[in-house]
Amino acid sequence: MGETRLPRHMFLWSMAIIYMFAFASLYVQIPGLYGNEGVLPVRLVDPRVDGSRPVLEQIHAHPSLLWLGPRLGLDLDAQQAMELLCLAGALLALGAALLEPLRDSLVFFCLWALYLSLCQVGGRGWLDSLLLEAGFLTVLVAPLNLLRWRSAFRQHDAVTFWLVRWLLFRLTFGSGVAKLASHCPSWWGLTAVKHMFEAQGIPLPWSWFIQQLPDWYLKLGTVGLLVTEIAVPPLYFAPIRHLRLAAFYIQAVYQVKLMFVGNYGFLPFLSLALTFSLLDDDHISYWLGHGKKKSAKTWHQTIMSLVLLAVFAAIIYGTKVLFTLEMDWETKTMTSKTAFTQQQFGNWLKLVTGPTIWVGVLSLTWEVVAAMLGCVCVRGCLWKLWGLVQWAVIVSAAVAVFAISVVPYSSMEQVYSSKILPEVRQAYSLVERYRLVSAYSLDSRVGGRSEVVLEGSMDKNTWTEIEFMYKPGNVGVAPPVVAPHQPRLDWQMSQAAQGLAEQSPWFTSLVHCLLQGNKDVVRLIQTDSAQYPFSQAPPVYLRASLYQYWFTQTAQDWSGPKEWWRRDYSEEFYPAVQLGDPTLEGMLNQHGLKETFPIQPSPDSPLAQALKQVRGHVQTLPGHLVLWSLLATVATIWLFKTLLSGVLGGRKAKPTPAEPKAKKAKAQPAAKNASASSLKAGRENSEESRRDADKSPKKRK
């Protein structure tokens, strides 16, 4: 693979932006989710600092910086400590996005440690795990600018960047395999995409319009999705550059499409950042117009083009055979059926799990050997030794990360998972709490949409529905545009609807907080108090019902929807309760959500006062507006920097960079020849002037 300096810069910049989104999105939700009077107060899970235990031992037992506050003398409560970590992470990520020197390994390590500390309290979802794993790899990929290492001694960059490609493979291939391994009828019947738009966490307004497309088109979308996630990922490790670039464009188009079909938080942005590992400097230079001029096609390029066409022809033909797609153009219907059984797919999975790991081993070995040869070819014995030392350290870290990542990756196939060495499993168990690697299976099951609808009442006779800002509720309200914000309560409400209330203990705490009229929790539901029906006084009674939701159908005149949803009552999800109700109190005690000690007053230190001031300016804004404002700020600053550099560049010519020694050596003889010819020309001119003077009349006299 060619040089990857430009793709690495793109990846690091993207990770800084994604970190900024993640910290800011969590910050606006801290008071309602984990605040002192939130749904899951952080003080209930905050382990008390044991002064007798060493700091490193306590951090290993509870890897979070939140526990270090008392040791550092910070007069902050648990909520304020979380807010401080969030603000520090968001500002540091913003600086890294705007200033290239801050895209440093130490800076990204701080971002990873800050986000890990916050996730120990509330971020236990797969999206947080994906960001933590990608963030740890960013620490290895980013340069250590404090040492001012020369680029000649960064031969190991290709090895660390390869780990990003391996993560992209596990994310896409693992998700694709999980869809069929789940035995979900929607995936095997190729109707998953038809249900996915209405069943996703938080749909978009145009998800309704996509849902109205013909069934044959949506079936093709299901097939294309499975091919993109199962057949294309092995091309990430293809020795032919054109195949890797083709895989990049396929995945990039898929991730961009994901941004426009659903509110998936920062997942599409993070997945798109991972795809940069498939690029090289030559291709990005071609984008920027700095690439080499196109020359006539050689036989090598012709063969590569034919191989590329053959591979994709095989994928298309295999897709048609395996899914037996037949289109009836008269009725505009498509008949489709998988040509293999679930047992045959299981046998195939047993066959490919091991080979995919060995392909990863061979690809990593190639990068390791190439990096070692690059270090050996450096001039000077000391520089060779220094380069080999760096190579040994980075390669050891890369091999260790790859080895422990095999454990969650092989979990999709139990037979091969049992063959993993016990030492590797033990190493994985030691670092599992740091969430360095994880298993991913996105949208493995797709079915109908169930929603929990909360209702409040003052007299237990007249019930008023409580509308959420983001999740579906009122059938006449259009779905919102939220991304890259991740509304955690709305997502959890959708997840809770798939099970029982007893399986979501936080729901009891939510009901209890709403009965108390907790303003921080109410702002999670509606930041605009006019939209909350109990803004003047909290409800006396609360209950929750389970409804089935579907998108409405297109009208005969193809006009826009008057009602976006239709719904049917399913069953009771949570009984009607009030404060002091034995059922409510019993469930609070059962799940450990009952206060066993009085809430301490918030500290009044200068730092605590500053945090309250910041919170006061943000608490009335919806989360998605805060993130959009940050994104607009970054874009504006980048625009001004570009315009300013263009103006200054037009007034003052940039100094030419120092040329390599080889070019200087070649230029010296040319300079000598030029100076010699100028001296010779000067002599000839002086002789000619002397002859003219001798021939002049004055001279003859």
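Residues numbered from 1 in each chain as written. Predicted model: local features only at pLDDT ≥ 70, side-chain atom pairs only at ≥ 80, totals over all residues. Heavy atoms only, no water.

Some points on the overall build of the protein
Along its length, the protein carries 28 helices and six strands. Burial status across the protein gives 48% buried among its 701 residues. Within the protein, contacts between residues separated by at least 24 positions form 76% of all contacts whose residues are at least 6 apart in sequence. As displayed, the protein has an accessible area near 36,000 Å², and 62% of this comes from carbon and sulfur atoms. (Helix = DSSP H or I, 4+ residues; strand = E, 2+ residues; numbered from the N terminus. Buried < 20%, exposed > 50% of the residue type's maximum accessible area, 1.4 Å probe, protein only. Contact = heavy atoms within 4.5 Å. Areas by Shrake-Rupley, 256 points an atom, 1.4 Å probe, with all protein chains shown as cover.)

Notes on the confidence of the model for the protein
Mean pLDDT over the protein stands at 83; residues scoring 70 or higher make up 83%. Counted against residues more than four places away or in other chains, residues 656-668, with its pLDDT under 50, gives one contact. Predicted confidence is poor over residues 692-701, with pLDDT under 50, and the contacts of this stretch with residues over four places away or in other chains come to four contacts. (pLDDT = per-residue confidence, 0-100.)

What about helix α17 (residues 342-376)?
In this model α17 runs 51 Å from its N-terminal to its C-terminal C-alpha over 35 residues, within 8% of the 51 Å that 1.5 Å per residue would give. In the structure, α17 departs most strongly from a straight axis at valine 352, where the bend amounts to approximately 25° and where the proline proline 355 lies between one and four residues downstream. (Expected span 1.5 Å × (residues − 1). Bend = angle between axes of the 7 residues up to and from the residue.)

Let's talk about the pairing of strand β3 (residues 449-457)
The element β3 is largely enclosed, with a buried count of nine among its nine residues. Two elements, β3 and strand β5 (residues 541-551), share nine bridges in a ladder whose sense is antiparallel. Across the sheet, serine 457 pairs through a bridge with tyrosine 541, a residue of β5. Bridging between β3 and strand β4 (residues 464-465) involves two bridges; their strand directions are antiparallel. Counted as the bridge partner of glutamate 455 is glutamate 465 from β4. Following β3, the chain reverses through six residues before pairing antiparallel with β4; lysine 460 in that reversal takes a positive phi of roughly 70°. (Pairing = 2+ DSSP bridges.)

Observations concerning the nonpolar core
Counting 178 residues, the largest nonpolar core has Tyr19, Phe507, Leu510 and Tyr574 as its most contacted members. A total of 15 residues in this core trace back to one element, the largest contributor, which is helix α1 (residues 5-27). Here this core gathers at least three residues from each of two domains, domain 1 (1-149 + 603-641) and domain 2 (449-596). Sequence-distant contacts of tyrosine 19, defined by excluding residues within four places in its chain, comprise Ala93, Phe108, Leu111, Trp112, Tyr115, Leu131 and Gly135. (Core = buried A, V, L, I, M, F, W, Y, C linked by side-chain atoms within 4.5 Å. Domains from an automatic or database assignment.)

As for the sheet that holds β5
Two pairing modes exist for strands in a sheet, parallel and antiparallel, and in both the strands are linked by backbone hydrogen bonds. The four strands are arranged β4-β3-β5-β6 in an open sheet whose pairing can be described as antiparallel. Looking at strand neighbours, the two that pair on one side only are β4 and β6 (565-577), the edges of this open sheet. In the sheet, β5 pairs with β6 via nine bridges, with the strands oriented antiparallel. Looking across to β6, one finds that alanine 544 is bridged to tyrosine 574. Seen against the sheet, helix α10 (residues 192-199) touches β3, β5 and β6 and runs at an angle of roughly 145° to β5. (Axes fitted to C-alpha atoms, helices over the stretch in contact; angles between N-to-C directions.)

Section: the pattern of salt bridges
Scanning the entire structure with this criterion turns up 13 salt bridges. A salt bridge links aspartate 215 to lysine 194; the nearest nitrogen and oxygen atoms lie 3.4 Å apart. Of this pair, aspartate 215 sits in helix α12 (residues 215-230) while lysine 194 sits in helix α10; the two residues are 21 residues apart in sequence, bridging distant segments of the chain. On the accessibility criterion, aspartate 215 (42% relative accessible area) is partly exposed. In this structure lysine 194 comes out as partly exposed when scored by relative accessible area, which is 31%. One network of salt bridges, with partners in common, ties together Arg449, Glu451 and Lys471. (Salt bridge = Lys/Arg side-chain N within 4 Å of Asp/Glu carboxyl O.)

Regarding the packing of aromatic side chains
Counted under the stated rule, the structure contains 31 aromatic pairs. With a centroid separation of 5.6 Å and an interplanar angle of 20°, the aromatic rings of tryptophan 166 and phenylalanine 169 are classed as stacked. With tryptophan 166 and phenylalanine 169 both in helix α8 (residues 157-181), this residue pair falls three residues apart, about one helical turn. A residue is classified by how much of its surface remains accessible, and tryptophan 166, at 2% relative accessible area, is buried. Directly above the ring of phenylalanine 468 sits lysine 471, whose terminal nitrogen or CZ lies 5.2 Å from the centroid. One Lys or Arg, arginine 567, reaches over the ring of tyrosine 547 and ends 4.5 Å from the middle of that ring. (Phe/Tyr/Trp six-rings, centres within 6.5 Å; stacked < 30°, edge-to-face > 60°. Lys NZ or Arg CZ within 6 Å of the ring centre and 35° of its normal.)

Overview of the environment of glutamate 100
Considering the arrangement of structural elements, one finds glutamate 100 in the loop between α5 (78-98) and α6 (105-119). As a C-alpha pair, glutamate 100 and histidine 9 span 91 residues in sequence and 8.8 Å in three-dimensional space. Ignoring any residue separated from it by four or fewer positions in sequence, one finds glutamate 100 in contact with His9 and Asn145.

Remarks on unusual backbone geometry
Leaving glycine aside, a negative phi is the common case for residues, and trans is the common case for peptide bonds. Between alanine 483 and the following residue, proline 484, the backbone shows a cis peptide bond with an omega angle of 5°. In this structure, proline 484 sits in the loop between β4 and α21 (488-496). The phi torsion at histidine 183 lies on the positive side, around 60°, for a residue other than glycine. Examined against the element boundaries, histidine 183 turns out to sit in the loop between α8 and α9 (185-188).

Points about the environment of leucine 388
For leucine 388, the position within the fold is in helix α18 (residues 381-409). A residue is classified by how much of its surface remains accessible, and leucine 388, at 31% relative accessible area, is partly exposed. Setting aside chain neighbours within four positions, we find leucine 388 in contact with Met372, Cys375 and Val376.

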